[in-house]
Amino acid sequence: MRKVYKNIFGEVISKSKATKLDEYHLYYYESDSDLLKEIEFINEENIYNINYFLHEGDNEEEILEYLKEKSDFFDIEKKETADGFIITTNKLYSLSVDDLPLISKTVFKTDDPENFICSQVIDNETLEPQLERTIKCWYTTDANGEKYAAIECSYEEDGKLELAVDKTSDPDHEQNWAHYDYETFHELQEQCPVDLSYYKTAALLPKEAYQS
C-alpha cells in the first residue's frame, strides 16, 4: 500500500506536517498505481471515520473485520457500471449504534459522475429498496451555465411518483416552483424536451439499462 497524507482541503502534505495538524486525511493506494483503496479521517491522531473502496477480488467479510479493528464508524463503497450508468452501493456502519449497516444505492450517468440521478435506501435485512425513501433528480443548466437539479422527485411505498418539484422557471425562489404528482406528470413531460419516463417510478435504472 502507498500512503498519501492530505489536509482537509485535499492538498498533499508530508507525514510530519500532517501529524502536527488537528485533523488530516490519510489515503491508501494500491502499490505502484492510482487505485484508491481507503481514506482514513483522523482528528487528534484518532480515526473517526473510514471510507473503504471495494475492488474486484476483494473479500468483503475480511475487509469488514479489518475495518472493525480500526474504527466504529466506516463506509464500504462498491462501484459497478451498466449501460452508461455508474451504480454505487454504500454500506455505512456505525457500530456504537447498530451492527447492521445503512445501505444505499446511488446512480450516476457515466458522463456526469458528480450529479446523482437516483438515490435509494436499501432495507438491510431484506435487501429490498425502501421505495418511499427514493430521490431522483433531473439536471439542466441555469443562466450562468451552472448545472443544477432542476426537477426533484419523491415516491410512495409502491414506487409510484408522489411529487415532482420543477424549479426550472425560477431556481432560486421556492415559492415559484411548480409541483406535479403521478396524475399530472404528463403536464411536466409536455414542457420538457427530453423523455422523463424514468422519473415516473422509483425504479433504480431506466428500462433500457435492464434490457441491454
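Residues numbered from 1 in each chain as written. Predicted model: local features only at pLDDT ≥ 70, side-chain atom pairs only at ≥ 80, totals over all residues. Heavy atoms only, no water.

Draft legend 1. Region of the structure containing the pattern of salt bridges. Applying the stated criterion to the full structure yields nine salt bridges. Between glutamate 30 and lysine 37 there is a salt bridge whose closest N-O contact spans 4.0 Å. Given the relative accessible area of 32%, glutamate 30 is considered partly exposed. Measuring nitrogen to oxygen at the nearest pair gives 2.4 Å for the salt bridge that ties lysine 70 to glutamate 40. One end of the pair, lysine 70, is in helix 2 (residues 60-70); the other, glutamate 40, is in strand 4 (residues 36-43), with 30 residues separating them in the sequence. Given the relative accessible area of 4%, glutamate 40 is considered buried. (Salt bridge = Lys/Arg side-chain N within 4 Å of Asp/Glu carboxyl O. Buried < 20%, exposed > 50% of the residue type's maximum accessible area, 1.4 Å probe, protein only. Helix = DSSP H or I, 4+ residues; strand = E, 2+ residues; numbered from the N terminus.)

Draft legend 2. Focus on the pairing of strand 3 (residues 23-29). Where burial is concerned, most of strand 3 is hidden: six out of the seven residues are buried. Bridging between strand 1 (residues 2-6) and strand 3 involves five bridges; their strand directions are antiparallel. By the bridge assignment, lysine 3 is partnered in strand 3 with tyrosine 28. Sheet topology note: the strand 3/strand 4 ladder contains seven bridges and is antiparallel. Bridge pairing in strand 4 links tyrosine 29 to leucine 36. Connecting strand 3 to the next strand, strand 4, in antiparallel fashion are six residues, including aspartate 32 with a positive phi near 60°. (Pairing = 2+ DSSP bridges.)

Draft legend 3. The nonpolar core, seen in detail. Within the largest apolar cluster, 26 residues are counted, with the highest numbers of intra-cluster contacts made by Val107, Ala164, Leu196 and Tyr199. Those elements giving two or more residues to this core turn out to be strand 7 (85-94), strand 9 (112-122), strand 10 (135-141), strand 11 (147-155), strand 12 (161-166) and helix 3 (185-191). The element contributing the most residues to this core is strand 11, with six residues. Non-local contacts of valine 107, meaning those with residues more than four positions away in its chain, are made with Phe85, Ile86, Ile87, Phe116, Ile117, Cys118, Leu204 and Leu205. Grouped together as the second largest cluster of nonpolar side chains are 10 residues, Ile50, Leu54, Leu64 and Ile76 included. (Core = buried A, V, L, I, M, F, W, Y, C linked by side-chain atoms within 4.5 Å. Contact = heavy atoms within 4.5 Å.)

Draft legend 4. Broad picture of unusual backbone geometry. With phi around 50°, glutamate 44 is a residue other than glycine that occupies positive phi space. The topology assignment puts glutamate 44 in the loop between strand 4 and strand 5 (46-54). Accessibility expressed as a relative area gives 55% for glutamate 44, which makes it exposed. Unusually for a residue other than glycine, aspartate 83 sits at a positive phi of about 50°.

Draft legend 5. Local environment of the environment of alanine 149. Mapping alanine 149 onto the fold places it in strand 11. Note on alanine 149: relative accessible area 16%, which makes it buried. Separated by 34 residues in sequence, alanine 149 and asparagine 115 place their C-alpha atoms 8.3 Å apart. What alanine 149 contacts, discounting residues up to four positions off in sequence, is Cys137, Trp138, Tyr139 and Lys167.

Draft legend 6. Broad picture of helix 2. Among the residues of helix 2, those classed as buried are Ile63, Leu64 and Leu67. Here the buried residues of helix 2 occupy an arc of 105° about the axis, which is enough to place them on one side. Away from its buried face, by an angle of more than 90 degrees, helix 2 presents the exposed residues Glu61, Glu62 and Glu69. Capping the start of helix 2, asparagine 59 holds a side-chain oxygen 3.0 Å from the backbone nitrogen of glutamate 61, two or three residues further along. (Arc of directions from axis to C-beta. Polar contact = N/O pair within 3.5 Å; in protein donor to acceptor, adjacent residues only side chain to side chain.)

Draft legend 7. Inspection of the environment of tyrosine 199 at higher detail. With respect to the helices and strands, tyrosine 199 occurs in the loop between helix 3 and helix 4 (207-211). Ignoring any residue separated from it by four or fewer positions in sequence, one finds tyrosine 199 in contact with Ile117, Lys136, Cys137, Trp138, Cys153, Tyr155, Leu161 and Phe185.

Draft legend 8. Focus on the packing of aromatic side chains. Summed over all chains, the structure comprises six aromatic pairs. Judged by centre distance (6.2 Å) and plane angle (50°), the ring pair of phenylalanine 41 and tyrosine 48 falls under tilted. Given the relative accessible area of 37%, tyrosine 48 is considered partly exposed. One cation-aromatic arrangement involves lysine 6 over tyrosine 27; the distance from NZ or CZ to the ring centre is 4.1 Å. Seen from the ring of tryptophan 177, lysine 167 lies directly overhead, with NZ or CZ sitting 4.8 Å from the centre. (Phe/Tyr/Trp six-rings, centres within 6.5 Å; stacked < 30°, edge-to-face > 60°. Lys NZ or Arg CZ within 6 Å of the ring centre and 35° of its normal.)

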